[in-house]
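# Structural overview for review
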Amino acid sequence: MRTMDRQDKARAAKYLAEIRRLADQPLKIMEVCGTHTVAIAKNALRDVLPPQIRLISGPGCPVCVTDQSDIDRFLFLAAQPDIITATFGDMIRVPGTSKSLQALRSEGADIRVVYSTLDALALARKNPAKEVVFLGVGFETTAPTVAVSLQIARQENLKNFSVLVFHKLVPPALRALAEDPLLEVDAFLDPGHACAIIGIHPLEFMARQYGKPGVVTGFEALDILEAILMILRQRVQGRTEIEIQYKKVVKAEGNVQAQALITEVFAPADAFWRGLGCIPQSGLAIRPAYRSWDAAVKFNLPLFQSVAPQHCRCGDILKGRIRPGACSLFGSECTPLQPIGPCMVSSEGTCAAYYRYNIQ
Amino acid sequence: MEYITLAHGSGGRLSRHLIESLIAKHLGNPYLDQMNDAAILPSQHKIALTTDSFVISPLFFRGGDIGKLAVCGTVNDLTVSGAIPEYLTLALILEEGLAIADLERIIVSIAATARQARVRIVCGDTKVVERGNADKIYINTAGIGFLRTDVPVSPAQVKPGDVILINGTIGDHGIAVLADREGLEFETPVCSDCAPLNILVDQFFGPGVKCMRDPTRGGVGTILNEIARQADVGMILYEESLPVHPAVVGACDMLGLELLHLANEGKVLVIASPESADEILARMRGHELGRQAAKIGVVRAEDAGRVVMQTALSAKRIVGMLEGEHLPRIC
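These numbers come from a predicted model, not from an experiment.

## Re the packing of helix α6 (residues 117–126) of chain A against helix α7 (residues 143–156) of chain A
Residue and element names in this part refer to chain A. Direction vectors running N to C along α6 and α7 enclose 25 degrees, while the axes themselves pass 9 Å from each other. In this view, α6 runs roughly parallel relative to α7, as classed from their interaxial angle. In the packing of α6 onto α7, the handedness of the crossing is right-handed. Here α6 contributes T117, L118, L121 and R125 to the contact with α7, which in turn contributes T145, V146, S149, I152, A153 and E156. Among the residues forming the contact of α6 with α7, the class breakdown is five nonpolar, three polar and two charged.

Take a look at the structure:
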């Protein structure tokens, strides 16, 4: 498997040499996005970076930041008769207070893994006697496709399709992190996919207001090394900015069309994040024009007030306060096979990545 | 109350737990307890015996179908145990409503694959269940083969310094089945690698072959971990030397799948003595089922029980076993 050609390797060696030269004092960098967490682990970048550079995983896996009460809420709905729950695969094993979707499925609930919202729409057309509910879990990256599915459902007047939306927004979460007096992070690797949609302007307050530089980063080993180098150069040159490393995909203004789609269908709303609590205007709610396709309204879903499992420290891990290995459950009671917290379930969860690649 | 979930059938750790704690517990005997791909039975000729059930969805996929798979799966389990497959049984469980034409297509495929693999189907059984109680057709095959040598190939023979070889691209079957089931399109279509491996192993088998395994469910990563644990050795894989179809790598990135956990149905992992590895590799490459064969790693004493991957940047990471459900019903 050719992950790098000779030129790439030469560039990587050049980046690493310069990183080693510039990293004269400790630098803590948080990668916000779960895809970065996995890419760093998969490429074993910690193994080649100098010890001064510490990479800390942040709250960038949408499955992981879904609050326990919201998990119990969708499990409650999935257990109702004549409901087909359509979800991305990562949600299947997320443990609720009493069970997971996987356990519900083995008891007879109809739960389907889909790869796009269009698959969920197709399910609804094919099963007119059933209610198809799509679980909308994600950041700005996937919100436009959910918005499109709601538009199509409205155009077709597809009455048996609805979305239970738990979508979250990256900038308010970054603000909540920056406001945390216990945060020990000097700079951020910002999410390449989410920023492809929103651009970098919504993140610039992090540099201006909180003095935290950030680089929007791609997902190859070379991208991540270059981004780390860009952060180091900012420090050496005394700059504090939000820059784009992932230029082939991310534009400063983002994807204006996708932003319009999100705005057309969703309005910002307060949302609960695991570990971070309630963050004002950090989630998306379905606008009244689409409320017939809002599963929470349609099924008059009750709110749950669940508490996270005892001893589970996913919340501290999401904020970068502790490494997974510092949680007493990690690797013993909590494994990808029998996960207790969601960070161990999602393939992009910090605990799952650290467990899979055996990072201490 | 505990229930069977799909993860119990995934070939990963939970499957193993179910087999050890429930099936082997009640059915155990010296032959079953060997827990290899085939039981080695006493006879004038040493005999290898194995059985396998096939429940794949969809029944027909790019590069194969459930019938071809049912022959190859059993032939390959015998083959990697060091046996020459001779006889197969065939048991069919059919769902009421299955089209006769589809059944005929499957039987024809079974016959063609059996001819290719030079095995005979010597007995069989057919049952039909009510509509809704099965998914069109399930197949079980059992097979008998004669051992090539008195000493069966096994992890017990694996030593530091041995070389790890594979006969071609990794993960094609897992992605081909997923693509057909989910309607995913790739620029270059990926076909299942489903093939009878005995015709390839005939070309290179010799005293230098220490251990062979076919990395089906659980993939290359899980199987190598099993061997490393059984043999109490470490293994290092070189990421750059892994043979892969570019579309498979793309699909893994897109869907968050681990290449080394994807199923294969026409691949054999061979652990060979260092002095014979080059000869075996050359013979593999001389056969149509081994054109892209490669040395992918070596066995070593350090990190016993672990498989480590060395990346293009010479960084190292652990290769784990498949945990829980990966892709449902791929074989």
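So, next bit.
## As for the packing of aromatic side chains
For any pair of aromatic rings, geometry is given as the distance between the ring centres together with the angle between the planes. All names here are of chain A. Here the structure, examined in full by the defined rule, presents seven aromatic pairs over all chains. For the pair F205 and Y210, a centre-to-centre distance of 6.2 Å together with 80 degrees between the ring planes defines the contact as edge-to-face. The residues F205 and Y210 share a single accessibility class, namely buried. An angle of 80 degrees between the planes, with centres 6.2 Å apart, marks the rings of F330 and Y355 as edge-to-face. Pair noted here: F330 is in the loop between α14 (314–318) and α15 (350–356) and Y355 is in helix α15, with a separation of 25 residues, a long-range link. By relative accessible area, which is 19% here, F330 ends up buried. Residue class for Y355 comes out partly exposed when judged on its relative accessible area of 23%.

## Overview of the side chain of T222 of chain B
For T222 of chain B, the position within the fold is in helix α6 (residues 219–231). For T222 of chain B, the side chain forms a polar contact with the main-chain nitrogen of L322 of chain B, separated by 2.9 Å.

## Some words on the domain arrangement of chain B
Residue and element names in this part refer to chain B. Splitting chain B by domain gives domain 1 (33–147) and domain 2 (155–319). Computed over C-alpha atoms only, the centres of domain 1 and domain 2 are separated by 23 Å. Across the contact, 21 residues belong to domain 1 and 23 residues belong to domain 2. Buried area between domain 1 and domain 2, both sides added, is near 2100 Å², and the carbon and sulfur share of it is 55%.

## Some points on the side chain of T66 of chain A
Residue and element names in this part refer to chain A. Within the element layout of this structure, T66 appears in the loop between α3 (62–65) and α4 (68–78). In this structure T66 comes out as buried when scored by relative accessible area, which is 1%. Among the polar contacts listed, one links the side chain of T66 to the backbone oxygen of P62, at a separation of 2.8 Å. If near-sequence neighbours (up to four positions away) are discounted, T66 is found in contact with I71, V137, K168 and R274.

## Overview of the interface of chain A and chain B
The interface of chain A with chain B comprises 27 residues on the first partner and 34 residues on the second. Summed over both partners, the interface of chain A with chain B buries about 2600 Å², with 57% contributed by carbon and sulfur atoms. When the buried area of chain A at its contact with chain B is split by residue, M1, Y115 and L337 of chain A rank highest and sum to 30% of it. Counting every contact that joins chain A to chain B gives two salt bridges. Summed over the shared surface of chain A and chain B, the number is eight residue pairs in polar contact (both at pLDDT 80 or more). Among the elements of the structure, α1 (6–22), α2 (34–42), α5 (101–106), α11 (221–237) and α15 of chain A are those that each provide at least two residues to the side of chain A that touches chain B.

## Some words on the pairing of strand β6 (residues 120–129) of chain B
On a regular strand, each side chain points to the face opposite its neighbour's, so the side chains alternate between the two faces of the sheet. Bridge count for strand β5 (residues 83–95) of chain B against β6 of chain B is nine bridges, and the pairing is parallel. Each residue of the ladder has a partner; that of L92 of chain B, found in β6 of chain B, is T126 of chain B.

How each quantity is defined
- Once a new chain begins, its residue numbering starts again from 1 and follows that chain's sequence as written.
- Each chain gets a letter, beginning with A, and each ligand a number, beginning with 1, in the order they are written.
- Whole-chain, interface and lining totals are the exception, using all residues; otherwise, since this is a predicted model, local features are given only for residues with pLDDT of at least 70 and side-chain atom pairs are given and counted only at 80 or more.
- Only hydrogens and water are set aside; all other atoms, that is, all heavy atoms of the structure, feed into the side-chain values.
- Between N-to-C directions, angles span 0 to 180 degrees; the directions come from axes that are lines fitted to C-alpha atoms, helices contributing only their stretch in contact.
- Only runs of H or I of at least four residues qualify as helices and only runs of E of at least two qualify as strands under DSSP, and these elements are numbered from the N terminus.
- Roughly parallel means an angle under 35 degrees; roughly antiparallel means over 145; roughly perpendicular covers 65 to 115; every other angle is labelled oblique.
- Crossing chirality is assigned from the near helix's rotation relative to the far helix, an anticlockwise turn below a right angle marking it left-handed and a clockwise turn marking it right-handed.
- In what follows, residue pairs with any heavy atoms lying within 4.5 Å of each other are defined as contacts.
- Just so you know the grouping, Ala, Val, Leu, Ile, Met, Phe, Trp, Tyr, Cys and Pro go in nonpolar, Asp, Glu, Lys and Arg go in charged, and all remaining residues, Gly too, go in polar.
- Between 30 and 60 degrees the pair is tilted, below 30 it is stacked and above 60 it is edge-to-face, where a pair is any two Phe, Tyr or Trp rings, Trp via its six-membered ring, whose centres lie within 6.5 Å.
- Buried residues are those whose accessible area, probed at 1.4 Å on protein chains only, stays under 20% of the maximum for their type, while exposed residues exceed 50% and partly exposed ones sit between those limits.
- Here a polar contact is recorded for every N or O atom pair within 3.5 Å, except that within protein the pair must consist of a potential hydrogen donor and a potential acceptor, and residues adjacent in sequence are included only if both atoms are side-chain atoms.
- Bear in mind that the domain bounds are from an automatic or database domain assignment.
- Note on definitions: buried area is the accessible-area loss of two parts on being combined, 1.4 Å probe, summed for both.
- Take a side-chain nitrogen of Lys or Arg and a carboxyl oxygen of Asp or Glu: if they are within 4 Å of each other, that pair is a salt bridge.
- Two strands are counted as paired when DSSP detects at least two bridges linking them.

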